[in-house]
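Letter by letter, the chains look like this.
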Amino acid sequence: MENLQLVLLVLGAIAIIAVLVHGFWSIRKQQPTGFKQSPMTDINRDRRDAEGFDNDGIGEVRVVKASADESSKTEIEDEPKPAPLVAEPAVTENVDATFSAVEDESFILSDTPSQKTVRGAKTARVEPSLIDDDVTIQPEPAPIQSSLFAEEPVLESETTQESLVEQEVEEVAVEEPLGDPQDVLVLHVVAKEGEELNGAELLPCLLTLNFKFGDMNIFHRHEDNAGTGKVLFSMANMVKPGVFDPDSMEQFSTQGVVLFMTLPCYGDALRNFSTMLNSAHQIADDLNGLVLDGGRDEWLESTKQNYIQRIKAQA
């Protein structure tokens, strides 16, 4: 019985030792390589030689009190400077000389207008080179702009058109005369019985119908409404001497007026007659009068057709 207890005790001790060994082995296996060092390493590091270096050649830590600016300057000064690619003095002198020459040229005054060489010229860019040759700058010539006030060429077509217009004016100015009148178309506008046509009412009506006072002291209707051009038909006083006085139209009164048109006439005769007939009716309406024919008879449609036939006969 005692032997059995001893055996069990030994087996238990062996099992405990095995568990501990297995645990240490697992932990060591899971740690990184840097930690797998023998505990003698730290001991060896504490051993330093006479100069203060350990077995790995690492010395003691020294604390140097210096500002951040001095340390940065020291680091910058310690860095090696790259060798310059070009000769700085030569390039600087050449560039300064070139720019001074450009400035002198830009401020030279001349009698002729400049071609904007200062703004238009493009200075060549100076590139660094490995050769110490002189740097020369040649400005590109500026494009020559055409003058803004250059004379415009005279087109031949304009000259031709002007000559044609002058010829047309000459042709209009030189017109053949109409010759002696062959017929006269007459219309009367008379006041009603016991009444008279008042000059103060007659003058505004004539001005509205584009009549103009003119030759023989009577009113005329011209080609142009402004009172210019050839006379188409005229209007006279029915009472002798048959004239008007524009300055005394307010005191003027008459029994009637007479409108007449000669054939042949300038322009379209039928159109001129239509204008004269419309003017006679307008005067009669404004002054409360009557329209009569050349024989002072009542104006009828048949009379109108008779006048039209007379116009066509002279065409």
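1. Some remarks on the overall build of the protein
Phase 1 of the analysis: Across its full length, the protein carries nine helices and eight strands.
Phase 2 of the analysis: A total of 315 residues make up the protein; the buried ones form 21% of that total.
Phase 3 of the analysis: Relative to all contacts within the protein whose residues are 6 or more apart in sequence, the contacts with residues 24 or more apart total 60%.
Phase 4 of the analysis: If you sum the accessible surface of the protein, you get close to 24,900 Å²; carbon and sulfur atoms cover 55% of it.

2. Details of the packing of helix α8 (residues 269-287) against helix α9 (residues 301-313)
Phase 1 of the analysis: Contact geometry for α8 and α9: axes closest at 10 Å, N-to-C directions at 150°. Between α8 and α9, the angle is such that the two are roughly antiparallel. Between α8 and α9 lies a crossing whose hand is right-handed. Here Ala269, Leu270, Phe273 and Leu277 of α8 come into contact with α9, specifically with Lys304, Tyr307, Ile308 and Ile311.

3. With respect to the pairing of strand β4 (residues 219-222)
Phase 1 of the analysis: Neither face of β4 is exposed, since Phe219 and Arg221 on one face and His220 and His222 on the opposite face are all buried.
Phase 2 of the analysis: Pairing between strand β3 (residues 211-213) and β4: three bridges, direction antiparallel. Within the sheet, the bridge partner assigned to Lys212 lies in β4 and is His220.
Phase 3 of the analysis: Between β3 and β4, which pair antiparallel one after the other, the connecting turn spans five residues, and Met216 there sits at a positive phi close to 60°.

4. Structural notes on the pattern of salt bridges
Phase 1 of the analysis: A full pass over the atoms with the stated rule returns one salt bridge.
Phase 2 of the analysis: Across the salt bridge formed by Asp183 and Arg310, the nearest N and O atoms sit 2.8 Å from each other. Here Asp183 is found in strand β1 (residues 183-191), whereas its partner Arg310 is found in helix α9, with 127 residues between them in sequence.

5. Let's talk about the sheet that holds strand β5 (residues 231-237)
Phase 1 of the analysis: Pairing is antiparallel in the open sheet, where six strands are placed in the order β3-β4-β5-β7-β1-β8. Two strands bound the open sheet, and with one partner strand each, they are β3 and β8 (289-292). Strand after strand, the sheet turns through a mean of 25° between neighbouring axes, direction not considered.
Phase 2 of the analysis: Looking at chain direction, β4 and β5 are connected through four bridges and run antiparallel. Paired with Arg221 across the two strands is Phe233, which belongs to β5.
Phase 3 of the analysis: In the packing of α8 onto the sheet, the strands contacted are β1, β3, β4, β5, β7 (256-263) and β8, and the crossing angle to β7 comes to about 180°.

6. A closer look at the confidence of the model for the protein
In low-pLDDT regions, the fine details of the predicted coordinates are not to be read closely.
Phase 1 of the analysis: Overall, the predicted model of the protein reaches an average pLDDT of 75, with 55% of residues at or above 70.
Phase 2 of the analysis: Confidence drops under pLDDT 50 across residues 146-150; counting only partners more than four residues distant or on other chains, this segment forms zero contacts.

7. Things to note about α9
Phase 1 of the analysis: With 13 residues, α9 should reach 18 Å at 1.5 Å per residue; the first-to-last C-alpha distance of 19 Å fits that figure.
Phase 2 of the analysis: When we look at burial in α9, the residues that qualify are Thr303, Tyr307, Ile308 and Ile311. For α9, the angular spread of the buried residues around the axis is 140°, confining them to a single face. Residues of α9 that are exposed and angled more than 90 degrees away from the buried face: Glu301, Ser302 and Ala313.
Phase 3 of the analysis: On its buried side, α9 packs onto β1, β7 and α8.

8. Quick word on a nonpolar patch on the surface
Phase 1 of the analysis: On the surface, a nonpolar cluster with roughly 950 Å² of combined accessible area is contributed by Met1, Leu4, Leu6, Val7, Leu8, Leu9, Val10, Leu11 and Ile14.
Phase 2 of the analysis: Position of Leu6 among the secondary structure elements: in helix α1 (residues 2-30).
Phase 3 of the analysis: Judged by its relative accessible area of 52%, Leu6 falls in the exposed class.

9. Considering the packing of aromatic side chains
Phase 1 of the analysis: Taken as a whole and assessed by the stated rule, the structure comprises six aromatic pairs.
Phase 2 of the analysis: Here the aromatic rings of Phe211 and Phe233 are separated by 5.8 Å at their centres, their planes lie at 75°, and the arrangement is edge-to-face. Placement of the pair is Phe211 in strand β3 and Phe233 in strand β5, with a sequence separation of 22 residues. Phe233 matches Phe211 in its accessibility class, with the two residues each being buried.
Phase 3 of the analysis: A connected cluster of aromatic rings, assembled from ring pairs, spans Phe213, Phe219, Phe244 and Phe252.
Phase 4 of the analysis: If you follow Arg310 out to its NZ or CZ, it ends over the ring of Tyr307, 5.0 Å from the centre.

10. Points about helix α7 (residues 199-208)
Think of an α-helix as turning once every 3.6 residues; residues three or four places apart then point the same way.
Phase 1 of the analysis: Listing the buried residues of α7 in full gives Gly199, Leu202, Cys205 and Leu206. Take α7 and look down its axis: the buried residues cluster within an arc of 125°, on one side only. Among the exposed residues of α7, those oriented more than 90 degrees off its buried face are Leu207 and Thr208.
Phase 2 of the analysis: Backbone nitrogen of Ala200 and a side-chain oxygen of the N-cap are separated by 3.3 Å at the start of α7; the cap is Asn198.
Phase 3 of the analysis: One or two residues past the end of α7 sits Asn210, with phi positive at roughly 65°.

Cut-offs applied
Residues numbered from 1 in each chain as written. Predicted model: local features only at pLDDT ≥ 70, side-chain atom pairs only at ≥ 80, totals over all residues. Heavy atoms only, no water. Helix = DSSP H or I, 4+ residues; strand = E, 2+ residues; numbered from the N terminus. Buried < 20%, exposed > 50% of the residue type's maximum accessible area, 1.4 Å probe, protein only. Contact = heavy atoms within 4.5 Å. Areas by Shrake-Rupley, 256 points an atom, 1.4 Å probe, with all protein chains shown as cover. Axes fitted to C-alpha atoms, helices over the stretch in contact; angles between N-to-C directions. Parallel < 35°, antiparallel > 145°, perpendicular 65-115°, else oblique. Left-handed = near helix turned anticlockwise from the far one by under 90°. Pairing = 2+ DSSP bridges. Salt bridge = Lys/Arg side-chain N within 4 Å of Asp/Glu carboxyl O. pLDDT = per-residue confidence, 0-100. Expected span 1.5 Å × (residues − 1). Arc of directions from axis to C-beta. Patch = residues over 30% accessible without salt bridge, like charges linked within 9 Å, V, L, I, M, F, W, Y side chains within 5 Å. Phe/Tyr/Trp six-rings, centres within 6.5 Å; stacked < 30°, edge-to-face > 60°. Lys NZ or Arg CZ within 6 Å of the ring centre and 35° of its normal. Polar contact = N/O pair within 3.5 Å; in protein donor to acceptor, adjacent residues only side chain to side chain.

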